[in-house]
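Reading the structure
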Amino acid sequence: MLILINWAHKFFCLNFKLATILNICYYILCLKWINCKVLYERIMILDKEYYMKLALKEAKKAYDELEIPVGAVIVRDGIVIAKAYNKKEKKQDSTKHAEILAIQKASKKLKNWRLCDCDMYVTLEPCSMCAGALIQSRIRKVYIGTMDEKTGSCGSVFNLLKDYKFNHNVDIEYGVCKEDCEKILKDFFKELRKNKKNKYTNI
């Protein structure tokens with residue numbers, strides 16, 4: 001009887017130790033998985049910010065040329081294939097928005113009008129013309145810096161990409177580098193108003 005009790009005690013202790021070891025391993029793996037997931041999400045955020053900052057550099061070029069500072073970048077498989085900024089005033093052409101120019105460049109580079117595997121990063125919410133171009137060019141996803149309450153067609157005035165049944169669906173993500181995208185626009189219009197005021201006061 002004592003032998004049986006002793007054997008049962010050893011068996012229980014052994015299994016208890018194994019269970020404890022397995023539990024510890026499980027929690028370590030869970031912790032590592034959580035950390036990996038957090039790390040992955042952080043990398044994704046940094047990626048979005050990186051590409052939007054490239055779009056902001058394009059917007060700065062527009063700013064320096066006295067164009068409304070909007071920049072766009074198109075990315076495929078992590079590689080930038082097109083960059084553009086607003087040239088409406090310079091070209092005296094209402095269609096020369098950053099998004100349209102970026103789409104044209106990307107299509108030329110890929111020799112294909114279908115940009116199915118491509119994402120766009122744009123500093124300002126696209127207008128109805130540009131939102132339509134996103135659908136027509138089959139852009140996979142658009143990342144938007146800041147919203148345009150007056151002419152924005154991806155959620156502000158209306159949402160051309162989500163509220164209507166087209167033959168292609170474009171995913172949207174808002175607010176990437178929102179503060180920076182807002183700031184460049186506010187600075188531009190503030191300077192524009194100041195210059196106009198000085199122009200009239202000097203007459």
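Heads up: the structure comes first, above all this text.
Residues numbered from 1 in each chain as written. Predicted model: local features only at pLDDT ≥ 70, side-chain atom pairs only at ≥ 80, totals over all residues. Heavy atoms only, no water.

Here the focus is the pattern of salt bridges. All told, the structure shown has eight salt bridges when counted by the stated rule. Between Asp64 and Lys60 there is a salt bridge, with its nearest N and O atoms 2.8 Å apart. With a gap of four residues between them, Asp64 and Lys60 both fall in helix 1 (residues 2–64), about one helical turn apart. Judged by relative accessible area, Asp64 falls into the exposed class, the value being 53%. Several salt bridges share partner residues, and in doing so they unite Lys48, Lys141 and Glu173 into one network. (Salt bridge = Lys/Arg side-chain N within 4 Å of Asp/Glu carboxyl O. Helix = DSSP H or I, 4+ residues; strand = E, 2+ residues; numbered from the N terminus. Buried < 20%, exposed > 50% of the residue type's maximum accessible area, 1.4 Å probe, protein only.)

Turning next to empty space enclosed by the protein. Per the counting criterion, the structure on display carries one cavity of 30 Å³ or more. Contributing to the lining of the largest cavity are Tyr63, Leu66, Phe188, Glu191, Leu192 and Asn195. Of the residues forming the lining of the largest cavity, the biggest block, four residues, is contributed by helix 5 (residues 178–201). The class makeup of the residues in the lining of the largest cavity is four nonpolar, one polar and one charged. (1 Å grid on protein atoms, 1.4 Å probe; cavity = no way out; pocket = protein on both sides within 12 Å on 5 of 7 lines; lining within 4 Å. Points joined across faces, edges and corners; volume = space filled by probe spheres on them. Nonpolar A, V, L, I, M, F, W, Y, C, P; charged D, E, K, R; others polar.)

By volume, the largest pocket is sized at about 610 Å³. Forming the boundary of the largest pocket are 21 residues, of which Ile68, Leu124, Asp148, Leu185 and Phe189 lie nearest the centre. Take the lining of the largest pocket: its biggest share by element is four residues, from helix 5. For the lining of the largest pocket, the class distribution of residues is nine nonpolar, four polar and eight charged. When its volume is computed, the second largest pocket comes out at roughly 160 Å³. Surrounding the second largest pocket, twelve residues form its lining, Asp47, Tyr51, Asp119, Tyr121 and Tyr143 being those nearest its centre. Mapped onto the lining of the second largest pocket, the elements with two or more residues apiece are helix 1, strand 1 (71–76) and strand 3 (118–124). Looking at the lining of the second largest pocket, the element that brings in the most residues is helix 1, giving four residues. Here the residues of the lining of the second largest pocket sort into five nonpolar, one polar and six charged.

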